[in-house]
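Descriptive analysis of the structure
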Amino acid sequence: MASALTEKLTRLVKEMRGQARITEANVQDMLREVRMALLEADVALPVVRDFIARVKEKALGQEVLGSLKPGQALVGIVNKELAATMGEGVADINLNAQPPAVILMAGLQGAGKTTTTAKLAKHLIEKRKKKVLTVSGDVYRPAAIEQLKTVTKQAGAEWFPSTPDQKPRDIALGALDYAKKHFFDVLLVDTAGRLAIDEVLMQEIKDLHAVLTPVETLFVVDAMQGQDAVNTAKAFKEALPLTGIVLTKLDGDSRGGAALSVRQVTGAPIKFAGVSEKIDGLEVFDAERHAGRILG
Ligand code: GDP
C-alpha cells in the first residue's frame, strides 16, 4: 500500500512531467513534503532539520535523480534512513551481569514507568525464564508503591516492600541484598517521576544509579509527548548513562515521531514499545514498521 507521502511525491513528480529529467529543485520540493510529514508526526524541529540534511545528500545521488520513479525512490531512501536512525537490529534487555542484573527505570511521572516495570517483569519471566524482583523507590507517592505491588502480582514476579518514610537509596540497597540472598536473576527498580524535569529528583536518580550500578538504565517516554519528548530526553541523558528507551502509548493516535527525536537525542536504542495498558502490552520495537507509521 502506498503511503500518504508516496502519493504526495508521486503527484509532485507528475507535475514535473515534460521535463527530460528531474532537477535539484524538484528534489527540494519533494524534501519539503518529507519535512512536512515528519513535522506532522511530531518529530522535533532540530531533529527534522538534521534528518533532512542527511537524506538530501543521498537524494541528490543517482538513485533519485536518475530514477524513472523518483518519488518512490525518495520514499525508499527516507524509509531506510528512518529505520536506520531508529533501530539497530534486535535490542532485547541486556542481562550480562553478576545476578541480580539490575534494571533502573527512569522517566517523567505518567510516562508509564510502573506499568512498564511490570510488563518487563512478565517479559523476562516468560521469554527469558528469569526470577524477577521489583521494588519502588517512589517515596513521594504511596499510591505508586501500591500500584507496583498490584501489577507485579499480575506479572507473576515478586515485589519487595518499601514505605514513604524510607530513603530511596536504603530501599534500593535493601532490595539488592534481598535479591542476592534469594537468588533472583533480575531486580527491576521503579523510580519517582515528576511532571517536569526537577533537579532534586535528577540527583536522587543519579545517586540510585551510583549505588545500584544497573546493567540497564531505561528511559521510559510517552509517545504522545511529541515535541516535548526532546527536552525530557536531553535532561535524562545528561543525568544518566541511558542504555535503552521504552516508548509507551504507541496504541494512541500519535504518529510516533517522538521515537526519532528521542533516539537521536539520547543515542540509546529503542528497545520496547508499550502498546496497551495491559500487562502483556509490550512489544519489541520494530524500527522498520515504525518508519512507515511516522511517514503516515
Ligand atoms: P508512571 O507514573 O511513569 O509510573 O506511569 P504509570 O505506569 O502509572 O502509567 C501512567 C498511565 O499510562 C496509566 O494509566 C497506565 O495505564 C498508562 N499506560 C502506560 N503504558 C501504556 C501504554 O503503552 N499504552 C496505554 N494506552 N497506556 C499506558
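This text gives an overview of the structure that appears in the document. (Residues numbered from 1 in each chain as written. Predicted model: local features only at pLDDT ≥ 70, side-chain atom pairs only at ≥ 80, totals over all residues. Heavy atoms only, no water.)

With that out of the way, let us pick up the side chain of Ser 162. Considering the arrangement of structural elements, one finds Ser 162 in the loop between strand 3 (158–160) and helix 8 (168–181). A distance of 2.8 Å separates a polar atom in the side chain of Ser 162 from the backbone oxygen of Ser 136. If sequence neighbours within four positions are ignored, Ser 162 has contacts with Ser 136, Ile 145 and Ile 171. (Helix = DSSP H or I, 4+ residues; strand = E, 2+ residues; numbered from the N terminus. Polar contact = N/O pair within 3.5 Å; in protein donor to acceptor, adjacent residues only side chain to side chain. Contact = heavy atoms within 4.5 Å.)

One pass over the structure, following the stated rule, counts three aromatic pairs. Note on Phe 160 and Tyr 178: the rings are 5.3 Å apart at their centroids and 50 degrees apart in plane angle, and the pair reads as tilted. With Phe 160 in strand 3 and Tyr 178 in helix 8, this residue pair connects regions lying 18 residues apart in the sequence. Given a relative accessible area of 16%, Phe 160 falls into the buried group. Overall, Tyr 178 belongs to the partly exposed group, its relative accessible area being 25%. Three or more aromatic residues link up through ring pairs in this structure, and these residues are Phe 160, Tyr 178 and Phe 184. The side chain of Lys 131 reaches across the aromatic face of Phe 184, ending 4.6 Å from its centre. Residue placement shows Arg 194 over the ring face of Tyr 140; its charged tip is 4.9 Å from the ring centre. (Phe/Tyr/Trp six-rings, centres within 6.5 Å; stacked < 30°, edge-to-face > 60°. Buried < 20%, exposed > 50% of the residue type's maximum accessible area, 1.4 Å probe, protein only. Lys NZ or Arg CZ within 6 Å of the ring centre and 35° of its normal.)

Such coordinate-based values are descriptive only and should not be taken to indicate function.
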